[in-house]
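Fold and contact review
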Amino acid sequence: MEIEILDTKTSSSHPLQQTSEGYKQALGKRQIQMISIGGAIGTGLFLGAGSRLQAVGPSLAIVYLVCGIFSFLMLRALGELVMYRPTSGSFVSYALEFLGPRASYVAGALSFFSWAMTGIVDITAIALYMHFWGVFAAVPQWVMALMALMVITSMNLIGVKWFGEMEFWFSLIKVAALLIFLVVGSAILGLRVPIDGHTTGLQLITEHGGLFPHGALPALALMQGVVFAYFGIEMIGTAAGECQNVREILPSAINNVIWRIIIFYVGTVTLLVLLLPWSSYQAGISPFVTFFSKLGVPGVDSLMNIVVLTAALSSLNSGLYSTGRVLRALALNGSAPRYLTHMNKQSVPAAAILTTVAIYLVGVGLNYLLPSQIFEIVLNMASLGIISTWCFILLCQIKLRQAIKAGRIAPTGFAMPGAPFTSWLSIVFFLCILLLMALDYPTGTMSIAAIPLLAVVLIIGWKTSSQKPHNIVPQTLSSVELTDDANFPCAENNQVSKEHI
């Protein structure tokens, strides 16, 4: 079935198809590349870095590096799974195959939970950014949050090509802004131009408490917040199910993520603390806005605020996209209500997306009730789902590698480096973050204390689900197309050139 071609450079000779799950493969190379970039640059950096710098100072760069390495290992594990079998169900589908229906249900439910919490963080961030301009100061925070949610919901419902285009431009703006900051900041640092009465350079670190101004323990406890900053990089696995030529595009897109982490996170934070004392940055205000406002150039701070607003909109956009596909995958497996399988005429899981929006509306209400505390509270809750999602991905990769070793599955050609040792090491690292979170009183401690309650909700959800797969496929596809799409890729089709590894 041919549909509209978005990227004529990459797909003119390959008519787009509809998958056995009912999705249109409407994402081209440039969209996937930018989705992988945008997933690694979000609200956690543009807004969260302000409060993180305030809490732990220059050591934030070290924390970003350590968490970034393990996040990249998780992404390589997901890449091996995707090269084995691309699917819009992503890790939910892999968990069903390798870990069983209960694990698939828990993985999907916790992923939905984390994205739902992240969406609340994003709409909160959007409202905070809008209040930067005095003209919006009188508008309640919850009204801003509601308006943003309505716009992003509309764009997600009218087709994946619009999601792809929106995410492409959102990501392009974010990357361009960070590159501008890196160039301007590096020039100021190199020329030793004073900012706000401070001489730039290493003395801003040594004269203000060193790398660990509050000690090492706060930096360790902060890892759960930093992990949140990387949440979304795994979305590339979900997008792969609606991507053209995934086996050609995905490896390079994943491998480039580590360089983006080093440049955009470690490099950016290092530059921030070399340009201004770390105490100059504060919670609720983007550190990039703080930096440009100190330069005294008229309008630059407003321009940067538009950029960070774009980052929050991008994250909210990605969250709706991901949760829609995850919820529908659960419904197809029989682990969620059947109505969530509904697709609209644009092959978009409309019922699942609108269900997520209903959760986000609770976040709008929380913005009304707790406008000042909501960001940190929800961020901690989201971290629980993020860590569990990543651990499920790693467990699935371990099972996949065992099946490959036993000869039941052909090698993917994009093996996770150092596995299974690196897989288990990453799982241990993420579990240790949960222990550290418990030390972050009060919000972190309360989040860990909520785990038993979350477990009870999951048990109730499992008991009330049908647990019977719903075999819903588009009627427009021939049986040959369905067979070709559903079969596991053979060894010949599953190889990736060595240049990607």
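Residues numbered from 1 in each chain as written. Predicted model: local features only at pLDDT ≥ 70, side-chain atom pairs only at ≥ 80, totals over all residues. Heavy atoms only, no water.

**Here's the deal with the packing of helix 7 (residues 101-130) against helix 8 (residues 141-157)**
- Running from N to C, helix 7 and helix 8 point in directions that differ by 120 degrees, and their axes come no closer than 8 Å. Taken together, the axis directions place helix 7 and helix 8 in an arrangement best described as oblique. Of the two possible hands of crossing, helix 7 and helix 8 adopt the one that is right-handed. On helix 8, the residues that touch I123, T124, I126, A127, L128 and M130 of helix 7 are Q141, M144, A145 and A148.
- Counted by class, the contact of helix 7 with helix 8 contains eight nonpolar, two polar and no charged residues. (Axes fitted to C-alpha atoms, helices over the stretch in contact; angles between N-to-C directions. Helix = DSSP H or I, 4+ residues; strand = E, 2+ residues; numbered from the N terminus. Parallel < 35°, antiparallel > 145°, perpendicular 65-115°, else oblique. Left-handed = near helix turned anticlockwise from the far one by under 90°. Contact = heavy atoms within 4.5 Å. Nonpolar A, V, L, I, M, F, W, Y, C, P; charged D, E, K, R; others polar.)

**Let's talk about helix 4 (residues 48-56)**
- Helix 4 sits mainly inside the fold: seven of its nine residues count as buried.
- All of the buried residues in helix 4 are G48, A49, G50, S51, R52, L53 and V56.
- Positioned one or two residues after helix 4, G57 has a phi angle of 70 degrees, which is positive. (Buried < 20%, exposed > 50% of the residue type's maximum accessible area, 1.4 Å probe, protein only.)

**Some remarks on the side chain of T389**
- Take T389: it is sitting in helix 19 (residues 374-405).
- Given the relative accessible area of 1%, T389 is considered buried.
- Excluding anything up to four places from it in sequence, T389 contacts F91, A107, L110, S111 and S114.

**Quick notes on the packing of helix 8 against helix 17 (residues 300-332)**
- At a minimum axis distance of 10 Å, the contact between helix 8 and helix 17 shows a crossing angle of 50 degrees. Here helix 8 lies oblique to helix 17, going by the angle between them. Read as a crossing pair, helix 8 and helix 17 show a hand that is right-handed. Mapping the contact onto sequence places A148, L149, I152, T153 and N156 in helix 8 and L313, L316, N317, L320 and Y321 in helix 17.
- Grouping the amino acids of the contact of helix 8 with helix 17 by side-chain chemistry returns seven nonpolar, three polar and no charged.

**Focus: the nonpolar core**
- Within the largest apolar cluster, 144 residues are counted, with the highest numbers of intra-cluster contacts made by F46, Y64, F181, W390 and F430.
- Looking at which element gives the most residues to this core, the answer is helix 7, with 18 residues.
- W390 has contacts with S71, M74, V227, Y230, F231, I233, E234 and F430, leaving out every residue within four places of it along the chain. (Core = buried A, V, L, I, M, F, W, Y, C linked by side-chain atoms within 4.5 Å.)

**Some points on the confidence of the model for the chain**
- Per-chain confidence: the chain averages 78 in pLDDT, with 80% of residues scoring 70 or above.
- Note on residues 1-16: pLDDT is under 50 here. Beyond four places in sequence and across chains, it has 33 contacts.
- Contacts from residues 472-501, a stretch scored under 50 in pLDDT, to residues over four places away or in other chains number 56 contacts. (pLDDT = per-residue confidence, 0-100.)

**With respect to the environment of I126**
- Tracing the backbone through its elements, the reader meets I126 in helix 7.
- A relative accessible area of 3% means that I126 is categorised as buried.
- Sequence separation between I126 and V308 is 182 residues; the distance between their C-alpha atoms is 8.6 Å.
- Ignoring anything within four residues of it in the chain, the contact list for I126 reads A148, L309, A312, L313 and L316.

**Some words on helix 9 (residues 160-191)**
- Taking 1.5 Å per residue, 32 residues should reach 46 Å; helix 9 reaches 46 Å between its end C-alpha atoms and fits that length.
- R192 sits one or two residues past helix 9 and shows a positive phi near 55 degrees. (Expected span 1.5 Å × (residues − 1).)

**Digging into the pattern of salt bridges**
- What the rule picks out here adds up to three salt bridges.
- When the shortest N-O distance is used, the salt bridge between E80 and R401 registers 3.0 Å. Pair noted here: E80 is in helix 5 (residues 60-84) and R401 is in helix 19, with a separation of 321 residues, a long-range link.
- Between D196 and K294 there is a salt bridge, with its nearest N and O atoms 3.4 Å apart. (Salt bridge = Lys/Arg side-chain N within 4 Å of Asp/Glu carboxyl O.)

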